Amino acid sequence: MISNKVQAVVLAAGKSTRFKTGRTKLLEKICGQEMILYSTRLLEALDIPTIMVVGYQKDAVIEQIQQRHQEFITFVVQEQQRGTGHAVQCAMQHLNLDPNRDLILIMNGDMPLATPDIISKLYEQHKSTGAELTFVTSHCEDTHSGYGRVITTERGLKIVEAKDFTGDASEHCWINAGIYLVNRRFLQEQITAIEKSEKTEEFYLTALIEIACNKGLTVSTITAPFDIVRGINNFQELWAAEQVKRAELIRYWMEHGVHFSVAHNVHIDLDVAIGSGSYIGCGVHLLGRTKIGKNCKINEFSSLENVTLGDYTEILSHSMVSSSTLGSNVMVGPYAHIRDNSHIGDGAYIGNFVEVTRSTIGAGTKAKHLAYLGDAEIGTAVNIGAGTVTCNYNGNTKNKTYIGDRAFIGSNNTLVAPVTIAKNAYTAAGSVITENVPEHALAIARARQVNKDNYATQLRTPAQPQIANITFVAAQKNKLSTDHL
Amino acid sequence: MISNKVQAVVLAAGKSTRFKTGRTKLLEKICGQEMILYSTRLLEALDIPTIMVVGYQKDAVIEQIQQRHQEFITFVVQEQQRGTGHAVQCAMQHLNLDPNRDLILIMNGDMPLATPDIISKLYEQHKSTGAELTFVTSHCEDTHSGYGRVITTERGLKIVEAKDFTGDASEHCWINAGIYLVNRRFLQEQITAIEKSEKTEEFYLTALIEIACNKGLTVSTITAPFDIVRGINNFQELWAAEQVKRAELIRYWMEHGVHFSVAHNVHIDLDVAIGSGSYIGCGVHLLGRTKIGKNCKINEFSSLENVTLGDYTEILSHSMVSSSTLGSNVMVGPYAHIRDNSHIGDGAYIGNFVEVTRSTIGAGTKAKHLAYLGDAEIGTAVNIGAGTVTCNYNGNTKNKTYIGDRAFIGSNNTLVAPVTIAKNAYTAAGSVITENVPEHALAIARARQVNKDNYATQLRTPAQPQIANITFVAAQKNKLSTDHL
Amino acid sequence: MISNKVQAVVLAAGKSTRFKTGRTKLLEKICGQEMILYSTRLLEALDIPTIMVVGYQKDAVIEQIQQRHQEFITFVVQEQQRGTGHAVQCAMQHLNLDPNRDLILIMNGDMPLATPDIISKLYEQHKSTGAELTFVTSHCEDTHSGYGRVITTERGLKIVEAKDFTGDASEHCWINAGIYLVNRRFLQEQITAIEKSEKTEEFYLTALIEIACNKGLTVSTITAPFDIVRGINNFQELWAAEQVKRAELIRYWMEHGVHFSVAHNVHIDLDVAIGSGSYIGCGVHLLGRTKIGKNCKINEFSSLENVTLGDYTEILSHSMVSSSTLGSNVMVGPYAHIRDNSHIGDGAYIGNFVEVTRSTIGAGTKAKHLAYLGDAEIGTAVNIGAGTVTCNYNGNTKNKTYIGDRAFIGSNNTLVAPVTIAKNAYTAAGSVITENVPEHALAIARARQVNKDNYATQLRTPAQPQIANITFVAAQKNKLSTDHL
């Protein structure tokens, strides 16, 4: 059993220079998950105790990993980046000396697409060939790729690192993928035998291969498709790897009864789940831990992040929902924005240009047009008129708005929180509601209308002589002086 | 003439299990049209009378087809799905016995990309070779594809169905596409000779090929590019077929003078038409029976469904228009939403965050910002201020708003329907209009302003001692008690 | 030195018939720049004086070029489109007769992807072979491509124009790209020797190649990748060329530390610049002369055109910003629309469904929900409530709104410009502000609230007998008659 025999060393100390962001690449995300977590989740799934060699921005890397994993990783710091051989040397003293666990799996921390299968295959090959060291190779002719090249020598194999390689990459098309299985004893004896590269002053772990061959020890290899072992050294490679991962996720959901209108511009994260019979439109972003029920429809250009949806719920186009829960048969959008721990009941309708934040909306309640509902608790079967705003912030504090079941809020209402509109109450269109409204009451808070005959003509004709002109100026100045009212 | 000699049987009874939606795949859409209608429209165009064998969810399938076609299809029910041979057997008794129409074209109902050309080619080959049976083959090495494989035997050809095939698909790379032309007499005589598969207990229509060869009768084939004959058995294949169809439509419109900013993420339905000189931006969706005039511009991420546009009309980005008619030189968006049988006159401007539903907007009228216009009839050259809302719903009924030509509606107006604002009238900003406004009148319905000196200081400093604090609490409680006014 | 020896003739007179727009293709844009400017900027960078032969829609072409370039181009009109040979003949009399500048570079005006390298390589080849004429060839098997084919004859080479070519394009797979370097003396002597094509009645420039070969003069060639020399004759070719250019730009910015979430549906113009550490989401459009600072985030489906952004500024999804300047640490969106020379200060927040036009927003000011701010000058640390509208247009003129530092504008305010709200002032929610508000004052302009007990019940039940019904009708008619207030 691989889990009883192997311990792992993950190399995660490097500088990410080719990303040119001043940040470690290991925390760049692929399908919503930090790159380094692909390695740690793989090793956790295989139940292999792991030493991680960290260095560059180590605190951020360690913090991220510890958020996800409790125990199975030991961190070792490589203070200076002196090469992969030196990194492994830093890890040596932390190896478990249990004689049963005498195989050391060494892998780079930037290989997010590696699979359990390739590790198992490596292990099987190592056992069956009785090798001292087994490693993964892949076919890649791209000279700019930065991989060490596997070269056949008289005595076996050696790796020429990309920095030192001057040959023809199409001739030497097998690369060292960066995954090794080594006998612990051999590693302990030979890790210090690695000599510094004259060119780069680094100690290359790959020198072990030539050392073993020179000693007549067995070195074996397995091959892997390039997509599985691709390393990530710049943003182009990150993008390519994410494409591969995303395609894999979409294929999976297609096979589980999900209809994607296009498969090439939908963004879907690793931990998303989608019920069968659901439809995902063009450009949709499904992020974080979003869970979509059965027979839902998510239309074009909408984004869902950390959202739970019931069944038969429809998100119309150009909507954004985050950190919220929606029931079944809900209609949202287009252009709706729901966020910050909001809860939308079954059959509710949140329409266009409506923002809902930190609010609970009851079943069957409708807010279909141009509204801002913040810090509101709204009952069932409520109607929220177009243009309604909850004034939840007075410059000092955030306050709540309570609206009871079956209340009818007229259009263009201003609800000044804290305020309660009780069940079955009704507010007149255009009202500013500052006081609580009892059950079944009608609240009105607006001015009466006055029609001034022919006044429009005067407003429209500022260029007219004398009187009209004066009147216009007055109107401009006083904005229709209150005398007129 | 193919139309005089041939009758068709379309196989449309299968269960769509690999879609995993619990719905028949035949009603899944490709470029806006249900999959099964591609077959029926093809046969209608060729003027071939058709029997369709239905089974799984037959009512839904029949209803959809009858919406589109009047007469030329006869439906036959295959109660149990016992294979393609059994399906054809169900159809036998409905064949037209006219001796002139003695060729039976049999095809699967899930081949949306089949062309009239391939049917004609099949017919020509059948006639020129004097075959009993001619069928279409194509090249496909994918083992998972589910196609029967064409195998050469001592006596000619036979088909091994995918479920029974155990060989090497790259060696047996010719597949049976699922389109056959058979002499009626041979079909009538031999359809009952097909034996049940031991493995699947189904009767395979393809057994006829081996039967014919064994009898020394002529069987001939034609080959077709895989894209033309691809069947659709799961969502990945649906997506691939739609990609092919969409690319074909876009190529067509490019050749007719339409500028697509990208060709790979625009969605365009089968029955859309676009005038030359028009521009279609990234991610645009042109759906249903949308007709776009000449020299229009549809910017990125906008969707048009069942919309008619005049010439030189511009839809700015992130807009949605459905089931509406827009004139020429109209400006819409960004973020405009027009729907439900609305009509927008020439030169009108519907701007950002504006929703128009069930409304008529006159020529040259502008509603440029944040408005909801529902059930409104608005004349020409009207100005609708920002934030204006028609209150078309009072909780019981929907009511209409009428606005005459050249009226000026101030910002943040609340127009309580039913209400009429006559020609040339003017409403003051912030008004709640509840009564009709005569021509040339100015309507005002808002409170007068009062400035309370230094009151802001008190509101801002709730932590200040004694008086300020008390005042603040009072203000909070009464929301600026009306005594202050 | 190429710049001292060469003068250029650009052929830009053709009719663009295959575009079918009635407009010259030379002004169609690729990555934001008109096609013809790719040629002129290339020649300007190489410092080569240029004659451009114009014809179809020549005024528009000349105007566009003159907007960009001052001097180095001489325009020559070819009145009738009688072929490339005739076009060059039109240019002959304008050639500089400086004996040092005795090489004539001739190229088509529709080759936007041509590089300085290919011109240098052409020059080197011409010099080293001592040729009379050197031209660029490329490999292209597509018969529909419209390129002349390079044919080997007994005496050397000749070009058969696409219109005249009847052979097998895969056999004659080398095309004439349309870039020539010719000795001036040879050109002057032989340009008139070109004979009219019998088929098209055009004079082909390419006849010079056969003429030279027939005279035993040296003709040499260089080869170029097809992507570099592709000409643009219809919208499909335009799209393909833009894809190539866009991929090149994105690759460049990826290498400079910019994270693109996808590389295949981002639109980026030639003159855009992006700081390292910035993130560009799916479908983002970066247009015109947009400059993005370091560590910015531009989320999915947002568009920026001619915008300058400071560092650490975030544009949330579905936002549009144009012709404006934003500081550092600004938050914008989602669904924000900023335009027309607006300026947003450091740390400001322009939120969802907010439009800002011709306005200045101070540092730290927030307008987070549903607002229209037009012609406004707003100080620092101001809070703009949800639903606030500046009434900047009264039907005649546009007027300004001034809001001082730290002012608090309540929700659903209507600010009737011209109006000034001084520093530290406060306006009550739902107010219509028509008069200036002094510093520290609270402005209130709204009606007091009245609750009518049980009136809601009556409004809800129009079907109830007698009294309720009558009351409802009255309410409908008078919209809650003012007696009630």
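Residues numbered from 1 in each chain as written. Chains lettered and ligands numbered in written order. Predicted model: local features only at pLDDT ≥ 70, side-chain atom pairs only at ≥ 80, totals over all residues. Heavy atoms only, no water.

**Structural notes on the overall build of chain A**
Across its full length, chain A carries 11 helices and 38 strands. Against the globule reference of 23 Å for 485 residues, chain A gives a C-alpha radius of gyration of 33 Å, more extended than a compact globule. For chain A, the spread of C-alpha atoms along the three principal axes comes to 105 × 55 × 40 Å. Considering only residue pairs separated by 6 or more positions, chain A has 42% of its internal contacts joining residues 24 or more positions apart. Of the roughly 18,500 Å² of accessible surface on chain A, a fraction of 46% belongs to carbon and sulfur atoms. (Helix = DSSP H or I, 4+ residues; strand = E, 2+ residues; numbered from the N terminus. Rg over C-alpha atoms; globule rule 2.2 N^0.38 Å. Contact = heavy atoms within 4.5 Å. Areas by Shrake-Rupley, 256 points an atom, 1.4 Å probe, with all protein chains shown as cover.)

**A few points about the side chain of Gln64(A)**
Residues and elements named next belong to chain A. Structurally, glutamine 64 is set in helix 3 (residues 58–68). Look at glutamine 64 and you get buried, because its relative accessible area is 19%. Engagement of the side chain of glutamine 64 in a polar contact is seen with the side chain of glutamate 34, the distance being 3.4 Å. Not counting the four nearest positions on each side in its chain, glutamine 64 is found in contact with Leu27, Glu34 and Leu37. (Buried < 20%, exposed > 50% of the residue type's maximum accessible area, 1.4 Å probe, protein only. Polar contact = N/O pair within 3.5 Å; in protein donor to acceptor, adjacent residues only side chain to side chain.)

**A closer look at unusual backbone geometry**
In this structure, Pro334(A) follows Gly333(A) across a cis peptide bond, with omega equal to 0°. Its identity as a non-glycine residue notwithstanding, Asn329(B) has a phi of 55°, on the positive side. Assignment of secondary structure puts Asn329(B) in the loop between strand 21 (320–326) and strand 22 (331–332). For Asn329(B), a relative accessible area of 47% corresponds to the partly exposed category. The backbone phi angle of Asp375(B) is positive, close to 50°, even though this residue is not glycine.

**Focus on the pairing of strand 21 of chain B**
All names here are of chain B. The pairing of strand 19 (residues 303–309) with strand 21 spans six bridges and is classified as parallel. Its bridge partner lying in strand 21, threonine 308 is registered against threonine 325. Of the pairings in the sheet, the one linking strand 21 to strand 23 (residues 336–339) comprises two bridges and is parallel in character. Looking across to strand 23, one finds that methionine 320 is bridged to histidine 337. Direction of pairing for strand 21 relative to strand 24 (residues 343–344): parallel, over a ladder of two bridges. Looking across to strand 24, one finds that threonine 325 is bridged to histidine 343. (Pairing = 2+ DSSP bridges.)

**What to know about the relation of the copies chain B and chain C**
You can overlay chain B on chain C at an RMSD of 0.1 Å; the transform is a turn of 120° with a shift of 0.0 Å along its axis. The superposition operator between the copies reduces to a three-fold rotation axis. The rotation axis passes nearest to the C-alpha of Ala447(B) in chain B, at a distance of 3.1 Å. (Least-squares fit on C-alpha atoms with pLDDT ≥ 70 in both.)

**Considerations on the packing of helix 2 (residues 35–45) of chain B against helix 3 (residues 58–68) of chain B**
Residue and element names in this part refer to chain B. Where helix 2 meets helix 3, the closest approach of the two axes is 10 Å, and the angle between their N-to-C directions is 45°. The angle between helix 2 and helix 3 places the two elements in the oblique class. You can see that helix 2 and helix 3 cross each other, and the crossing is right-handed. Two secondary-structure elements touch here, helix 2 through Ile36, Leu37, Thr40 and Arg41 and helix 3 through Gln64, Ile65 and Arg68. Of the residues contributing to the contact of helix 2 with helix 3, the split by class is three nonpolar, two polar and two charged. (Axes fitted to C-alpha atoms, helices over the stretch in contact; angles between N-to-C directions. Parallel < 35°, antiparallel > 145°, perpendicular 65-115°, else oblique. Left-handed = near helix turned anticlockwise from the far one by under 90°. Nonpolar A, V, L, I, M, F, W, Y, C, P; charged D, E, K, R; others polar.)

**A look at the confidence of the model for chain A**
Residues and elements named next belong to chain A. In the predicted model, chain A carries a mean pLDDT of 92, and the fraction of residues at 70 or more is 95%. Low confidence marks residues 463–485, where pLDDT is under 50. Its contacts with residues over four positions away, or in another chain, come to 35 contacts. What the predictor reports for the complex is a pTM of 0.93 with an ipTM of 0.92. (pLDDT = per-residue confidence, 0-100.)

**Describing the interface of chain A and chain B**
Taken together, the contact between chain A and chain B spans 64 residues of the former and 72 residues of the latter. Both faces combined, the contact of chain A with chain B buries some 5,100 Å², and carbon together with sulfur accounts for 57% of it. When the area that chain A buries against chain B is broken down by residue, the three leading residues are His259(A), Gln449(A) and Arg460(A), summing to 11%. Connecting chain A to chain B are zero salt bridges. Joining chain A to chain B, the criterion identifies 23 residue pairs in polar contact (both at pLDDT 80 or more). Looking at the side of chain A that touches chain B, the elements with two or more residues in it are helix 9 (235–255), strand 12 (259–260), strand 25 (349–357), strand 27 (366–374), strand 38 (450–452) and helix 10 (455–460) of chain A. Ranked by the residues each element gives to the side of chain A that touches chain B, the list is headed by helix 10 of chain A, at five residues. The class makeup of the residues in the side of chain A that touches chain B is 25 nonpolar, 28 polar and 11 charged. Judged from the three bridges that link them, strand 38 of chain A and strand 37 (residues 442–444) of chain B form a sheet pairing that is antiparallel. (Buried area = accessible area lost by both parts, 1.4 Å probe. Salt bridge = Lys/Arg side-chain N within 4 Å of Asp/Glu carboxyl O.)

**Topic: helix 2 of chain B**
Residues and elements named next belong to chain B. Counting buried positions along helix 2 yields eight of 11 residues, so the element is predominantly enclosed. When we look at burial in helix 2, the residues that qualify are Met35, Ile36, Leu37, Tyr38, Ser39, Thr40, Leu42 and Leu43. At the C-terminal side of helix 2, aspartate 47 shows a positive phi close to 65°.

**Considerations on the interface of chain B and chain C**
In this assembly, 64 residues from chain B lie in contact with 73 residues from chain C. When the two sides are added together, the surface that chain B and chain C hide from each other amounts to roughly 5,100 Å², 57% of it contributed by carbon and sulfur. Counting the surface chain B buries against chain C, the share from its top three residues, His259(B), Gln449(B) and Arg460(B), is 12%. At the junction of chain B with chain C, the criterion picks out zero salt bridges. At the junction of chain B and chain C, the tally comes to 23 residue pairs in polar contact (both at pLDDT 80 or more). For the side of chain B that touches chain C, the leading source of residues is helix 10 (residues 455–460) of chain B, giving five residues.

**Comments concerning the pattern of salt bridges**
On inspection of all chains with the given rule, the structure shows 41 salt bridges over all chains. Of the charged contacts, one joins Lys25(B) and Asp110(B) as a salt bridge, the two residues approaching to 2.8 Å between their closest N and O atoms. Of this pair, Lys25(B) sits in the loop between strand 1 (6–12) and strand 2 (29–30) while Asp110(B) sits in the loop between strand 6 (103–108) and helix 5 (116–129), placing them 85 residues apart in sequence. For the residue pair Lys25(B) and Asp110(B), the accessibility class agrees, reading buried in each case. Taken together, the shared-partner salt bridges connect Arg339(A), Asp340(A), Glu355(A), Arg358(A) and Asp375(A) into one network.

**Thoughts on helix 7 (residues 207–214) of chain B**
Residues and elements named next belong to chain B. Considered for burial, the residues of helix 7 that qualify are Leu208, Ile209, Ile211, Ala212 and Cys213. Of the surrounding secondary structure, the elements contacted by the buried residues of helix 7 are strand 7 (133–139), strand 9 (156–160), helix 6 (184–190) and strand 11 (219–223). A positive backbone phi angle near 80° is found at glycine 216, which sits one or two residues after helix 7.

**Some points on the nonpolar core**
With 296 residues, the main nonpolar core has Leu105(A), Leu105(B) and Leu105(C) as its most contacted residues. Beyond its immediate chain neighbours, meaning those up to four positions away, Leu105(B) contacts Val6(B), Gln7(B), Ala8(B), Val9(B), Leu43(B), Ile48(B), Ile119(B), Leu122(B), Ile179(B), Tyr180(B) and Leu181(B). (Core = buried A, V, L, I, M, F, W, Y, C linked by side-chain atoms within 4.5 Å.)

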